[in-house]
Amino acid sequence: MDKIKMGIVGLGRLGRQHAENIEFRIPNAELSAVCSIVKSEVDEVQSAWGIEYGYTNFDEMLTNKELDAIFISSPSGEHCRQIEAALDAGFHVFSEKPLGLTIEECILAEKAVERHPDKVFMLGFMRRYDSSYSYAKRKIQEGAIGKPFLIRCYGLDPVSAIQGAIKFAATSGGIFLDMAIHDFDLARWYLESEVRSIYAVGGCFGYKEFGKFSDADNAAALVQFKNDAMGMFYAGRTSAHGYHIETEIVGTEGALRIGTIPVKNQVTVFNQNGAVLECSSGFMERFEDAYVNELQEFVNCVVENRKPSVTVYDGTRSTKIAYAATDSFKHNKLVFLD
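Here is a short report on the structure shown in this document. (Residues numbered from 1 in each chain as written. Predicted model: local features only at pLDDT ≥ 70, side-chain atom pairs only at ≥ 80, totals over all residues. Heavy atoms only, no water.)

Of the regular secondary structure elements, the chain holds 11 helices and 15 strands. Along the longest, intermediate and shortest principal axes, the C-alpha atoms of the chain span 55 × 50 × 45 Å. Split into buried and exposed, the 338 residues of the chain put 53% on the buried side. Counting contacts in the chain only where the partners sit at least 6 residues apart, residues at least 24 apart contribute 70% of the total. When the accessible area of the chain is evaluated, it comes to approximately 15100 Å², of which 52% is carbon and sulfur surface. Charged side chains in the chain number 35 positive and 46 negative. The centres of these two groups are separated by 4 Å. (Helix = DSSP H or I, 4+ residues; strand = E, 2+ residues; numbered from the N terminus. Buried < 20%, exposed > 50% of the residue type's maximum accessible area, 1.4 Å probe, protein only. Contact = heavy atoms within 4.5 Å. Areas by Shrake-Rupley, 256 points an atom, 1.4 Å probe, with all protein chains shown as cover. Lys, Arg positive; Asp, Glu negative; His and termini not counted. Charge placed at Lys NZ, Arg CZ, Asp CG, Glu CD.)

The following block contains the structure:
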């Protein structure tokens, strides 16, 4: 098998970038089919890149036996159904996060993966494949900071993107499922423990529109893990300075910080504003290489007939944390997890 032939569903902003990565940045992959309910998106990509197959119906794409794998970048509410359908149709599957919008959906996805042990399934927790985050993991494993006992995570979207967040609020699942789930996954990965309890607070401090969805524009959570480690999480949608993803892991013999200043690059601009370090504008810029790295790992797993380290169960467990945080935020109570 020279190249893994892939079909992608979802050609929105992120889906279009994933499609471009498959077609132009993964040497042993080939974008053979694209699917979107928006026909103009399908037509545009097919015409621009010479993609052979185009679909507006996902189930129709699954009848194409020339394909080896399906990439799911559709709206979050479609993920579990499409994961199950693609696996049952005989394809390897990569799905963007979240795994599902309900725990019940996640369990259905787990069962689908378990029914097909010969197929590769991978979930898009791309931060694990960012060079800085993977380096921090190696340093922890080497004992560079002793035993980790605290993690602090900031996940801030730029206020310039607030209208898109408001538009998406009805179907996002809330700020913890939509945004903080990446941080919950990183916390489990770094601390190697599951959550025991969580208490969350938040509010609509600048944009009351989120309130009608029982959501917040800024929220925070305090977490205790089963190994007694602690976690502090802050998710916000109103960052004035840009996209800011910051993580600190504190151990008994030191600490690691990632992204404390969310610099765009290594250039300092000297002008009437002083010495300025420009910030990243969004997740696609900050994690551009991580998106490529995770996709390359998925394709390599298919070629080498092995399973990725990110599993369907990581999706379920992080979703459970996000739901517990949402429950705590909505009802102002401490929530214990199983």
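More follows now that the structure is in view.
The next point concerns unusual backbone geometry. Between Lys97 and Pro98 the backbone carries a cis peptide bond, its omega angle lying at -10°. By the secondary structure assignment, Pro98 is in the loop between strand 5 (92-96) and helix 5 (103-115). Phi is positive for Asn305, close to 55°, though the residue is something other than glycine. At Asn332, a position not held by glycine, the phi torsion is positive, near 55°. Examined against the element boundaries, Asn332 turns out to sit in the loop between helix 11 (312-331) and strand 15 (335-336).

At a minimum axis separation of 9 Å, helix 8 (residues 175-191) and helix 11 run at an interaxial angle of 125°. Considered as vectors, helix 8 and helix 11 are oriented oblique to each other. Seen from above, helix 8 lies across helix 11 with right-handed handedness. In contact with Phe176, Leu177, Ile181, Phe184, Asp185 and Arg188 of helix 8, helix 11 contributes Asp314, Arg317, Ser318, Thr319, Ile321, Ala322, Tyr323, Ala325, Thr326 and Phe329. Class assignment of the residues belonging to the contact of helix 8 with helix 11 gives a composition of 9 nonpolar, 3 polar and 4 charged. (Axes fitted to C-alpha atoms, helices over the stretch in contact; angles between N-to-C directions. Parallel < 35°, antiparallel > 145°, perpendicular 65-115°, else oblique. Left-handed = near helix turned anticlockwise from the far one by under 90°. Nonpolar A, V, L, I, M, F, W, Y, C, P; charged D, E, K, R; others polar.)

A separate point is the nonpolar core. Met6, Phe176, Tyr190 and Phe298 are the most contacted members of the largest nonpolar core, which has 100 residues in total. Top contributing element to this core by residue count: helix 8, with 12 residues. If sequence neighbours within four positions are ignored, Phe298 has contacts with Met6, Ala69, His92, Val93, Phe94, Val120 and Met122. Grouped together as the second largest cluster of nonpolar side chains are 6 residues, Ala165, Ile166, Ala169 and Phe210 included. (Core = buried A, V, L, I, M, F, W, Y, C linked by side-chain atoms within 4.5 Å.)

This paragraph deals with the sheet that holds strand 12 (residues 254-258). If you trace the 7 strands from one edge of the open sheet to the other, you get 12-11-7-10-9-8-15, paired in mixed fashion. Edge strands, defined here as strands with exactly one partner in the open sheet, are strand 12 and strand 15. When strand 8 (residues 195-203) meets strand 15, the two strands line up antiparallel, connected through 2 bridges. Along strand 15, the bridge assignment pairs Ser197 with Phe336. Set on the sheet, helix 6 (residues 131-141) makes contact with strand 7 (148-158), strand 11 (244-251) and strand 12; between it and strand 12 the angle comes to about 170°. Running at roughly 150° to strand 10 (residues 230-239), helix 8 makes contact with strand 7, strand 8, strand 9 (218-225), strand 10, strand 11 and strand 12 of the sheet. (Pairing = 2+ DSSP bridges.)

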